[in-house]
Amino acid sequence: MDNPIEIVSILGAALAVSFGALGPALAEGRAVAAAMDAIARQPEAAGTLSRTLFVGLAMIETMAIYCLVVAVLLLFANPFVH
Amino acid sequence: MMHSPLISETLFQLGPLPIGKAVAVTWGLLALLAGGSWLLTRRLRLRPTRWQSLLELLVAVLDGQIRDTMQVSPAPYRALIGSLFLFILAANWAELIPGIEPPTASLETDAALALIVFVASIACGVASRGPAGYLRTFAEPSWVMIPLNIVEQLTRTFSLSVRLFGNIMSGVFVLGIALSLAGLLVPIPFMALDLLTGAIQAYIFSVLAMVFIGAAVKETAGTHPASKE
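Residues numbered from 1 in each chain as written. Chains lettered and ligands numbered in written order. Predicted model: local features only at pLDDT ≥ 70, side-chain atom pairs only at ≥ 80, totals over all residues. Heavy atoms only, no water.

S.K.: Give a detailed account of the pattern of salt bridges, specifying residues and quantitative values.
M.R.: Scanning the entire structure with this criterion turns up 3 salt bridges over all chains. Across the pair Asp-37 of chain A and Arg-41 of chain A runs a salt bridge whose closest N-O atoms are separated by 3.7 Å. Of this pair, Asp-37 of chain A and Arg-41 of chain A both sit in helix α1 (residues 4-41), separated by 4 residues, roughly a single helical turn. Residue Arg-156 of chain B pairs with Glu-152 of chain B through a salt bridge whose shortest N-O separation is 3.8 Å. Taken together, the residues span about one helical turn, with Arg-156 of chain B and Glu-152 of chain B both in helix α6 (residues 146-181) at a distance of 4 residues. On the accessibility criterion, Glu-152 of chain B (33% relative accessible area) is partly exposed. (Salt bridge = Lys/Arg side-chain N within 4 Å of Asp/Glu carboxyl O. Helix = DSSP H or I, 4+ residues; strand = E, 2+ residues; numbered from the N terminus. Buried < 20%, exposed > 50% of the residue type's maximum accessible area, 1.4 Å probe, protein only.)

Spelled out as structure tokens, the structure:
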């Protein structure tokens, strides 16, 4: 743990995941709220809406997953740590 | 302690080639899927048996999805999209078998799957428009977009593989952490969540493959909302 790069990369990984979770969380909340609104207005379209919602949620989640992949790269495959 | 998700374990050597655990599991799944399909379609009847009607239902749902997303006749794309979906679903759910990690949790499998989609979209585009016609789609709506369109082709392939890898790998990782903290019964809700994630990711991968191939084939590219990402 003497290497300062290791300490910085652990901090970087934590920062990447925490801020990477913020945006997608807000976005998913908005998406679910909009879908709930739409289902309440038009219950007969619930099937199509929830299918599209799931696809959209997975798309949004991808951004958080990218941050997770960056964090994993920092922790396990850091090119500056030997 | 958990091992790095980016390093694949070598199971045995096949001549000069090291065969990883994920590759062995992939071969097993391929044999299972191909053998199962061969067994089930060996004696097709007009009055379907129970298994045959299950398969027919699957193919009908698949055809409906392809028709909805690509707005073309599903016949030429059924084999590719259906195999992609079934394989990814089986691979994601393989973690239910004790001792087996899903092969999609290692980056090589996902990169190979994304490369298949990349090559298929180019091949379908060339087949439907001709080489010159396909190259001309890069200059739409104007020639300024050529570098951007080329970069888009590469990044969407990359994101396709990283999306699947990240989702499944994170599921396996969370499961490992839960297991190391508390052994019995605690990981079960996480496993249920992983089942849902696995099914959704398989669906999304095949929908995106359809969108990419459809955009290469169709006259007006990008009419589906998902193609904009």
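There's more to say after this.
S.K.: Outline the packing of α6 of chain B against helix α7 (residues 187-217) of chain B, supporting the account with residue identities and numerical values.
M.R.: Residues and elements named next belong to chain B. Two elements in contact, α6 and α7, have axes separated by 10 Å at closest approach and are oriented at 175°. Put simply, α6 runs roughly antiparallel to α7. Contacts between α6 and α7 involve Arg-156, Leu-160, Arg-163, Leu-164, Asn-167, Ile-168, Gly-171, Val-172, Val-174, Leu-175, Ala-178 and Leu-179 from the first element and Pro-187, Phe-190, Met-191, Asp-194, Thr-197, Gly-198, Gln-201, Ile-204, Phe-205, Leu-208 and Phe-212 from the second. (Axes fitted to C-alpha atoms, helices over the stretch in contact; angles between N-to-C directions. Parallel < 35°, antiparallel > 145°, perpendicular 65-115°, else oblique. Contact = heavy atoms within 4.5 Å.)

S.K.: Residue-level account of the interface of chain B and chain A, with values.
M.R.: Contacts between the two partners involve 19 residues from chain B and, on the opposite side, 15 residues from chain A. Carbon and sulfur atoms make up 78% of the surface buried where chain B meets chain A, a total of about 1,500 Å² over both sides. Ranking the residues of chain B by area buried against chain A places Leu-6, Arg-163 and Ile-204 of chain B at the top, with a combined share of 25%. The interface formed by chain B and chain A contains 0 salt bridges. (Buried area = accessible area lost by both parts, 1.4 Å probe.)

S.K.: Describe the UniProt feature "domain: V-ATPase proteolipid subunit C-like" (unreviewed entry) in chain A, naming the residues involved and giving the relevant values.
M.R.: Here the UniProt-annotated "domain: V-ATPase proteolipid subunit C-like" (unreviewed entry) positions come out as residues 11-74 of chain A. Secondary structure content for residues 11-74 of chain A is 94% helix and 0% strand, while the C-alpha to C-alpha distance between its ends is 10 Å. (UniProt positions renumbered as here; feature names shortened; annotations may be inferred.)

S.K.: Explain the nonpolar core residue by residue, including any values.
M.R.: Counting 38 residues, the largest nonpolar core has Ile-81, Ile-88, Leu-113, Val-117, Leu-160, Phe-205 and Ile-213 of chain B as the members making the most contacts within it. Where this core is concerned, the elements lending two or more residues are α2 (46-76) of chain A together with α1 (21-40), α2 (50-70), α3 (75-92), α4 (107-129), α6 and α7 of chain B. With 12 residues, the single largest contributor to this core is α7 of chain B. The contact partners of Leu-160 of chain B, leaving out residues within four places of it in the chain, are Ala-114, Val-117, Phe-205, Leu-208 and Phe-212 of chain B. By size, the runner-up hydrophobic cluster in this structure holds 6 residues, among which are Ile-65 and Val-69 of chain A together with Val-162 and Phe-165 of chain B. (Core = buried A, V, L, I, M, F, W, Y, C linked by side-chain atoms within 4.5 Å.)

S.K.: If you had to explain the layout of surface pockets to someone new, which residues and values would you point to?
M.R.: Residues and elements named next belong to chain B. Computed from the structure, the largest pocket encloses a volume of approximately 1,100 Å³. Every residue lining the largest pocket is counted, 39 residues in all, and those nearest its centre are Leu-33, Ser-37, Leu-58, Gly-82 and Leu-86. Residues that form the lining of the largest pocket fall into these classes: 28 nonpolar, 8 polar and 3 charged. (1 Å grid on protein atoms, 1.4 Å probe; cavity = no way out; pocket = protein on both sides within 12 Å on 5 of 7 lines; lining within 4 Å. Points joined across faces, edges and corners; volume = space filled by probe spheres on them. Nonpolar A, V, L, I, M, F, W, Y, C, P; charged D, E, K, R; others polar.)

S.K.: Describe a nonpolar patch on the surface, listing the residues and the values that go with them.
M.R.: A surface patch of nonpolar side chains, amounting to about 650 Å² of accessible area, comprises Leu-11, Phe-12, Leu-14, Leu-17, Val-23, Trp-27 and Leu-30 of chain B. Take Leu-30 of chain B: it is sitting in helix α1. (Patch = residues over 30% accessible without salt bridge, like charges linked within 9 Å, V, L, I, M, F, W, Y side chains within 5 Å. Areas by Shrake-Rupley, 256 points an atom, 1.4 Å probe, with all protein chains shown as cover.)

S.K.: Let's hear about the UniProt feature "transmembrane region" (unreviewed entry) in chain A: which residues, and what values?
M.R.: Annotation from UniProt places "transmembrane region" (unreviewed entry) at residues 53-77 of chain A. A distance of 34 Å separates the end C-alpha atoms of residues 53-77 of chain A, which is 96% helix and 0% strand.

S.K.: Any chance you could break down the environment of Leu-154 of chain B for me, citing the residues and the numbers?
M.R.: All names here are of chain B. Within the element layout of this structure, Leu-154 appears in helix α6. Judged by relative accessible area, Leu-154 falls into the exposed class, the value being 51%. Sequence separation between Leu-154 and Leu-115 is 39 residues; the distance between their C-alpha atoms is 9.9 Å.

S.K.: Before we move on, can you summarise the confidence of the model for chain B with the specific residues and values?
M.R.: All names here are of chain B. The pLDDT averaged across chain B works out to 85; a share of 94% of its residues lies at or above 70. Predicted confidence in chain B is weakest over strand β1 (residues 10-14), with a mean pLDDT of 78, and strongest over α3, with 92. Across residues 220-229, where pLDDT falls below 50, the model places 16 contacts with residues more than four positions away in sequence or in other chains. Scoring the predicted complex yields pTM 0.84 and, for the interface, ipTM 0.75. (pLDDT = per-residue confidence, 0-100.)

S.K.: Can you tell me about the packing of aromatic side chains, naming the residues and giving the values?
M.R.: Scanning the model with the defined rule gives 2 aromatic pairs over all chains in all. Their ring planes at 80° and their centres at 6.1 Å tell us that Phe-76 of chain A and Phe-173 of chain B sit as a pair that is edge-to-face. With one member in each of two chains, Phe-76 of chain A in helix α2 and Phe-173 of chain B in helix α6 form a pair that bridges those chains. We classify Phe-76 of chain A as partly exposed; its relative accessible area is 31%. (Phe/Tyr/Trp six-rings, centres within 6.5 Å; stacked < 30°, edge-to-face > 60°.)

S.K.: Describe the pairing of strand β2 (residues 17-20) of chain B, naming the residues involved and giving the relevant values.
M.R.: Note on strand geometry: in a regular strand, side chains alternate between the two faces of the sheet. All names here are of chain B. As judged from the 4 bridges shared by β1 and β2, these two strands associate in the antiparallel manner. Looking across to β2, one finds that Thr-10 is bridged to Gly-20. In this structure, the hairpin formed by β1 and β2 is closed by a connection of 2 residues, where Gly-15 is found at a positive phi of approximately 65°. (Pairing = 2+ DSSP bridges.)

S.K.: For unusual backbone geometry, give the residues involved together with the corresponding values.
M.R.: Residues and elements named next belong to chain B. Positive phi is not limited to glycine here, since Gln-71 has a value of about 55°. Within the secondary structure layout, Gln-71 lies in the loop between α2 and α3. Of note, the phi angle at Leu-185 is positive, near 65°, even though the residue is not glycine. Its location among the elements puts Leu-185 in the loop between α6 and α7.

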